[in-house]
Amino acid sequence: MSLFNWCTRRAGGLAMLMTLALSYYVISREATASRYDYKYAQQDTLSRPTHSASSMSEGQGGGLWTVVFAYYSLLIHILVFAFPMRSCYAIFDVTRGLTKAARGRSLRDFKLSHRRRGSSTSLSSSETLTSSKEDSLPSSTTSSEIGDIEPEFYTDNDADSDRVVHAIVIPNYKEEVDSLRETLDVLACHPQARDSYDIYLAMEQREHNVELKAMNIIQEFVKKFRSIDFTLHPSDIPGESPGKGSNLAWAARKLSERYSMGCRKDVIVTGIDADSHLSTNYFAHLTSMHLSYKETASTTLYAAPIIFDRNAHAVPAIVRVADILWAGAGLSGLYSGSTIAPPTSVYSVPLELVDRVGGWDCDSEAIGEDLHMYLKCFFALNGNLTVRTIMSPVSQSNVKGDGGKGVQGLYNDMGARYKQALRHMWGALDSGFAIRKFMELWQERKHTARAFRPLHVALNHPTDSYLTQTQLDMSPEQTLESGIFSDVTSDTLKEPDWQRIIFLFHRLFEAHFLPLQTTILIIASTLYIWVTDGSSDPHQISWIFIVCNVLRTAGFMEVVLMLFLYERLHKICATTREREMTEAGLSKGMCFSHRNIRQNYVDYVMAPLVAPLYGAIPTAQAQLMHFFTLDLVYTVSKKVTRQRAKSIIASVMP
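Residues numbered from 1 in each chain as written. Predicted model: local features only at pLDDT ≥ 70, side-chain atom pairs only at ≥ 80, totals over all residues. Heavy atoms only, no water.

Undergrad: So, the pattern of salt bridges: which residues are in play, and what are the values?
TA: Under the counting rule described, the total for this entry stands at 24 salt bridges. Ionic pairing is found between Lys 244 and Glu 369, a salt bridge with its closest N-O pair at 3.1 Å. Here Glu 369 lies in helix 14 (residues 369-380) and Lys 244 lies in helix 10 (residues 244-255), a separation of 125 residues in the sequence. Residues Lys 244 and Glu 369 agree in their burial class; the two are buried. One salt bridge connects Asp 497 with Arg 500, and the closest N-O pair in it is separated by 3.5 Å. (Salt bridge = Lys/Arg side-chain N within 4 Å of Asp/Glu carboxyl O. Helix = DSSP H or I, 4+ residues; strand = E, 2+ residues; numbered from the N terminus. Buried < 20%, exposed > 50% of the residue type's maximum accessible area, 1.4 Å probe, protein only.)

Undergrad: Residue-level account of the nonpolar core, with values.
TA: Ranked by internal contacts, the top residues of the largest apolar core, which has 72 residues, are Tyr 259, Trp 360, Tyr 374, Leu 375, Leu 385 and Leu 569. When neighbours within four sequence positions are excluded, Trp 360 is seen to be in contact with Gly 245, Leu 248, Ala 249, Ala 252, Val 269, Tyr 347, Val 354, Glu 369, Met 373 and Lys 376. Counting residues in hydrophobic clusters, the runner-up holds 37 residues, among them Ile 170, Leu 180, Leu 184 and Phe 221. (Core = buried A, V, L, I, M, F, W, Y, C linked by side-chain atoms within 4.5 Å. Contact = heavy atoms within 4.5 Å.)

Undergrad: I'd like to hear about the packing of aromatic side chains, residue by residue, with values.
TA: Counted under the stated rule, the structure contains 15 aromatic pairs. With 6.0 Å between their ring centres and 85 degrees between their planes, Phe 438 and Phe 505 make a pair best called edge-to-face. You can see Phe 438 sitting in helix 16 (residues 429-443) and its partner Phe 505 sitting in helix 20 (residues 498-512), a full 67 residues away along the chain. Given a relative accessible area of 23%, Phe 438 falls into the partly exposed group. These aromatic residues form a ring-pair network of at least three members: Phe 438, Trp 442, Trp 498 and Phe 505. Directly above the aromatic system of Tyr 173 lies the positively charged group of Arg 206, at a separation of 4.1 Å from the ring centroid. Just above the ring of Tyr 293 sits the side chain of Arg 388; from NZ or CZ to the centre is 3.6 Å. (Phe/Tyr/Trp six-rings, centres within 6.5 Å; stacked < 30°, edge-to-face > 60°. Lys NZ or Arg CZ within 6 Å of the ring centre and 35° of its normal.)

Undergrad: Give me the lowdown on a nonpolar patch on the surface, citing residues and values where you can.
TA: Together, Tyr 25, Leu 64, Trp 65 and Val 68 line one region of the surface with nonpolar side chains, adding up to about 410 Å² of accessible area. Top contributing element to the nonpolar patch by residue count: helix 4 (residues 64-103), with 3 residues. Of note, Leu 64 is situated in helix 4. Owing to a relative accessible area of 64%, Leu 64 belongs among the exposed residues under this scheme. (Patch = residues over 30% accessible without salt bridge, like charges linked within 9 Å, V, L, I, M, F, W, Y side chains within 5 Å. Areas by Shrake-Rupley, 256 points an atom, 1.4 Å probe, with all protein chains shown as cover.)

Undergrad: Talk me through the sheet that holds strand 4 (residues 267-271); I want residue IDs and the actual numbers.
TA: In spatial order, the strands read 3-2-1-4-7-5-8; together these 7 strands make up an open sheet with mixed pairing. On the outer flanks of this sheet lie strand 3 (227-233) and strand 8 (386-389), each paired with one strand and no other. Ignoring strand direction, the axes of neighbouring strands in this sheet form an average angle of 25 degrees. Two elements, strand 1 (residues 165-171) and strand 2 (residues 197-204), share 6 bridges in a ladder whose sense is parallel. Paired with His 166 across the two strands is Tyr 197, which belongs to strand 2. Where helix 11 (residues 280-292) meets the sheet, its contacts fall on strand 1, strand 2, strand 4, strand 5 (300-303), strand 7 (347-350) and strand 8, and the angle it forms with strand 4 comes to roughly 140 degrees. (Pairing = 2+ DSSP bridges. Axes fitted to C-alpha atoms, helices over the stretch in contact; angles between N-to-C directions.)

Undergrad: Explain the environment of Ala 251 residue by residue, including any values.
TA: Here Ala 251 is to be found in helix 10. Judged by its relative accessible area of 0%, Ala 251 is buried.

Undergrad: Account for helix 23 (residues 601-625), with residues named and values stated.
TA: Given a rise of 1.5 Å per residue, 25 residues ought to cover 36 Å, and the 37 Å separating the end C-alpha atoms of helix 23 matches this to within 8%. The sharpest bend along helix 23 measures roughly 45 degrees and falls at Leu 609, with the proline Pro 612 sitting one to four residues further on. All buried positions along helix 23 are accounted for by Asp 603, Tyr 604, Ala 607, Val 610, Tyr 614, Gly 615, Ala 616, Pro 618, Thr 619, Ala 620, Ala 622 and Gln 623. Turning to helix 23, the residues buried within the fold contact helix 2 (11-35), helix 12 (317-331), helix 15 (406-426), helix 20, helix 21 (514-531) and helix 22 (542-583). (Expected span 1.5 Å × (residues − 1). Bend = angle between axes of the 7 residues up to and from the residue.)

Undergrad: Before we move on, can you summarise the packing of helix 12 against helix 15 with the specific residues and values?
TA: Between two packed helices, what matters for the description is the angle formed by their axes and the separation of those axes. For the pair helix 12 and helix 15, the least separation of the axes is 9 Å and the interaxial angle reads 25 degrees. With respect to their mutual orientation, helix 12 and helix 15 come out roughly parallel. Viewed along their axes, helix 12 and helix 15 form a crossing whose handedness is left-handed. The segment helix 12 lies against helix 15, with Ile 318, Val 319, Ala 322, Asp 323 and Trp 326 engaging Asp 413, Met 414, Arg 417, Gln 420 and His 424. Of the residues contributing to the contact of helix 12 with helix 15, the split by class is 5 nonpolar, 2 polar and 3 charged. (Parallel < 35°, antiparallel > 145°, perpendicular 65-115°, else oblique. Left-handed = near helix turned anticlockwise from the far one by under 90°. Nonpolar A, V, L, I, M, F, W, Y, C, P; charged D, E, K, R; others polar.)

Undergrad: Give a description of helix 16 that names residues and reports values.
TA: Since one α-helical turn is 3.6 residues long, residues separated by three or four positions face the same way. For helix 16, with 15 residues, the first-to-last C-alpha span of 22 Å sits near the 21 Å given by 1.5 Å per residue. Along helix 16, the residues that are buried comprise Leu 429, Asp 430, Ser 431, Gly 432, Phe 433, Ala 434, Arg 436 and Leu 441.

Undergrad: Tell me what's going on with the pairing of strand 7, and back it up with residues and numbers.
TA: By the alternation rule, side chains of strand 7 split into Tyr 347 and Val 349 and Ser 348 and Pro 350, which are all buried. Bridge count for strand 4 against strand 7 is 4 bridges, and the pairing is antiparallel. Note on strand 7: the bridge partner recorded for Thr 270 is Ser 348. By the bridge criterion, 2 bridges tie strand 5 to strand 7 in an arrangement that is antiparallel. Within the sheet, the bridge partner assigned to Tyr 302 lies in strand 7 and is Ser 348.

Any functional reading would require information that these geometric values do not contain.
Right under this line is the structure:
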């Protein structure tokens, strides 16, 4: 491993140590200068400069480093002010979009042509994950009759819609059967499920009796989808870490074998968590946008907002607020016009784009597979990745501990949420990954010709996937006529979008550096003000710390505003989901956590505690551990399952 690679993988930890060193040096030097009463004497401009004995013997405080410390503190506080402001706008914009979708023509009546196309469902993972001409779809395209209607909200051409196949991958490891069954029930109630949904249960071979578990589930849902199957990720592949990313990667490799070259452009891979509930509107919007924007269809990643509306009533307020702020952070890039929009948990990628980037990575750096896959796609396209927001929120559940009541239950729930936060912050490795991909982009910036093969071909036969310069120079027609390279897709990339790349690194800094850097500098600036109280200000920087205090206070008020805006978003999402589940006959036993601002005042009080407990502290732990290991033991968080209880209102929230 080169020194550059070693440093990029520990960029967060190195930044933490440098900030601590800078803070310690400045504070200690200024404290020493203050103790010896070092002051700059006012000099006559024509007289010879003089220095006091104390100043000559003890130095001049932190000098230039004091200025660096002050202005860096100002920069961090500006980012602290800007981030929640953007989140507030994003929540407002997404809420407005959801309201617009609800008031428009309902997509619950979204219909496909109900032509059953060669369902190849079986009880064996080896039988359905093979190439078949019966699975081929028409390759011809027709224009969607959208008119003045926004394609994000409507799809009017059933013939085109029927052509799109949704390969839905559900990674899971030791998940409760009831949780998987509930997620599949929600998907099965969609009107397009039997015609368009290919379900893949991405499971781990090391799970006990996993094949029996998978076949029982498949047998129950065999007639409810276009197809349903399972894949088993082997446990003995060198260099692969167990987790959602490795399960997705293995499933993608297997499902790739099913789809011919003629239909791959209309296959969209969606990765969801085992407890995610997706509305039928999600896939209706996804289909509509895929068909409406043909020019960018193969270079678009689709992301959706997440909402915690399942068991928010059953977790402590501090855990509930941590998840709200996490959802708000994910929303911060999903507003209209945003060019940088990393997904959170659930997202969709065209199979052609999966082929282009070589699928999902499986190493320890890819533990945050959603952001990692986004970065792979982003840099593979020179920063010209298109991201579209699906105006259909994904319902998720808050994590819970191992039970218990009173203080023990509170401790267990908070501990479970901390483990999840540590797993989230472990994703700081992606900042180093982005730095390395940027260097590769810079080195190859003048070479824009690209060619790639289907994922299963590239991974199963790497020696046959070598592409010569002659092949790159061939036109697509020549490639097809030759027969040898008939499965090769070639194109030319756009020039790197440097502005988007700068914005991307700004967002990565917010996600992986800002929580800890803010905490360090808040403490350090407070100590600096304390040790320099009553001393002179030779660098004229005292105003900076006054501005920092104002920005910090304003940032906290913005977080309160974000929680307030979230109330309406939560109401729309929870109400819509409850109505859909009632109409589908699935609401019995499900939990729907509705919020009431009058009863949830405690959430606003908990907000200041969330940042250090679930932000700075797990970030510091993850970045310190990265100096010793890049591997994190993957554990499954306990999630809510269907209960035989009625909807619970927020008035009973703790």
